[in-house]
Amino acid sequence: MSDTPVSETSVSAAHQISPSLTATLPGNYYTDPEIFRQEQEHLFESMWFCAVRSADLAGPGAFRTVQVGRENVLITRTRKGDLRAYLNVCRHRGARLCMEESGQIRRNLQCPYHAWTYDLDGKLIAAPNLIKMPDVDRVEYGLIKVSLREWLGYAWVCLADEPPSFEDTVLHAAVERLGDRAAIEHYGTEHLALGKRIVYDVRANWKLIVENFMECYHCATIHPELTDVLPEFADGYAAQYYVGHGAEFGEEIKGFTVDGSEGFARLPAVSADQDRRYYAITVKPTVFINLVPDHVILHRMFPMAEDRTVVECDWLYAPEVVESGADVSKSVELFHRVNEQDFEACERTQPAMASRAYRKGGVLVPNEHHIGIFHEWLVERLGGSHAGPVH
Ligand code: FES
Ligand code: FE
């Protein structure tokens, strides 16, 4: 950030703007509960949403509940071993079935209110006195299913009645960034094991976190450890936006670790031209994937309110690395620091979104151009009704 004090003059000057600069979204996009509600409806409840890591649900009846837009979704594993997602709502009088974030359903799922009981396939199998209520159709009153797809070892759910094409909306992001689909498959993410998970409760709007992830203009200022490992980041270019390119490790760097020391063996299918490189992919609206030769870092965002986002970050390694009890702390520490630095920047920005200085938004410099594309995409998804009232 420049040290120039923001005055009314400099704000309006920014919006007359020379052709090389563009405006961000106005501040109310980050503070207005009504805009957040529209995002819940048109994004999180309409698109594919990366909800849980499949392996977290180890056996039949293991469950996890997650907030997807305004809905609470229950994801569990059936006796046959398949993952299923349901609205976490009893069909009788609407009690929430599972209150915990995770746990184990012992045999069947019994509502704690009047004891309606569902099997793991969501079918209503028992209800007290049901025998006296022959009209209750056990399939008709089963749990309401939510669409689910697995990719990269994660369960992606979609609340839409007719989900958009998974290929076009989710898989396409990887193709767009890496040049071809096979490039991400090389990391074999679905076979990796969880080395570490850290959950961050960030007091910022989810879009500030996306925008931050999309640009590396800030890298030289706030990420000393990352720019040591990836010297080209010090130039402020976001390597993820150069298709197939990836950011190269510095000459002295042995691995993607906090001190540049050696990491683990390259994942078996990672190609020679992917070696010693870092790739970053954003899968809109809420997922970031980082690929390095020996591990994968996957962030899932859970937007909870206009000014609060929970981020679950998983560090994934070859199973033999995790099973051997190897010390993964040096690679975890690198991106944990990056996360803390990024989220602190987002939290520093959030309160200013309500300032009169940001009523018309801020400015995007040329190497933040793709953030402008994200804004256009967002405004279009919201129906364009909020586009540019102050531009
Ligand atoms: Fe669930 Fe009545 S609300 S059994
Ligand atoms: Fe960053």
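Residues numbered from 1 in each chain as written. Chains lettered and ligands numbered in written order. Predicted model: local features only at pLDDT ≥ 70, side-chain atom pairs only at ≥ 80, totals over all residues.

Caption draft 1: Focus on the overall build of the protein. Per the secondary structure count, the protein includes 10 helices and 18 strands. When burial is assessed residue by residue, the protein has 39% of its 391 residues classed as buried. (Helix = DSSP H or I, 4+ residues; strand = E, 2+ residues; numbered from the N terminus. Buried ≥ 20, exposed ≤ 12 C-beta atoms within 10 Å, placed from the backbone.)

Caption draft 2: A look at helix α10 (residues 369-381). In this model α10 runs 19 Å from its N-terminal to its C-terminal C-alpha over 13 residues, within 8% of the 18 Å that 1.5 Å per residue would give. Among all positions of α10, only Ile-371, His-375 and Leu-378 are buried. Down the axis of α10, the buried set is contained in an arc of 65°. They therefore lie on one face. Turned more than 90 degrees from where α10 packs its buried face, Ile-373, Glu-376 and Glu-380 sit exposed. Elements that come into contact with the buried residues of α10 comprise α5 (206-214) and β18 (363-364). (Expected span 1.5 Å × (residues − 1). Arc of directions from axis to C-beta. Contact = placed C-beta atoms within 7 Å.)

Caption draft 3: Region of interest: the nonpolar core. Judged by nonpolar contacts, the single largest core of 93 residues is most densely connected at Phe-49, Ala-51, Ile-75 and Val-157. Broken down by element, this core gets its largest block of residues, six residues, from helix α9 (residues 329-349). When residues of this core are assigned to domains, at least three map to each of domain 1 (1-45 + 167-391) and domain 2 (49-158). Look past the residues within four positions of Ala-51 in its chain and what remains in contact with it is Val-66, Val-68, Val-73, Ile-75, Ala-155, Trp-156 and Val-157. (Core = buried A, V, L, I, M, F, W, Y, C linked by C-beta atoms within 7 Å. Domains from an automatic or database assignment.)

Caption draft 4: Here's a closer look at the packing of α5 against α9. At a minimum axis distance of 10 Å, the contact between α5 and α9 shows a crossing angle of 130°. Our classification of the angle between α5 and α9 gives oblique. Regarding α5 and α9, the two cross each other, and that crossing is right-handed. Only Asp-342, Ala-345, Cys-346 and Thr-349 of α9 make contact with α5, whose side of the interface consists of Leu-208, Ile-209 and Asn-212. Of the residues belonging to the contact of α5 with α9, the class tally is four nonpolar, two polar and one charged. (Axes fitted to C-alpha atoms, helices over the stretch in contact; angles between N-to-C directions. Parallel < 35°, antiparallel > 145°, perpendicular 65-115°, else oblique. Left-handed = near helix turned anticlockwise from the far one by under 90°. Nonpolar A, V, L, I, M, F, W, Y, C, P; charged D, E, K, R; others polar.)

Caption draft 5: Focus on the domain arrangement of the protein. Segmenting the protein into domains produces domain 1 (1-45 + 167-391) and domain 2 (49-158). Taken together, the 15 residues of domain 1 in the interface contact 14 residues of domain 2. Mapped by element, the contributors of at least two residues to the side of domain 1 that touches domain 2 are α2 (33-44) and β16 (295-305). Per-class residue counts for the side of domain 1 that touches domain 2 are seven nonpolar, three polar and five charged.

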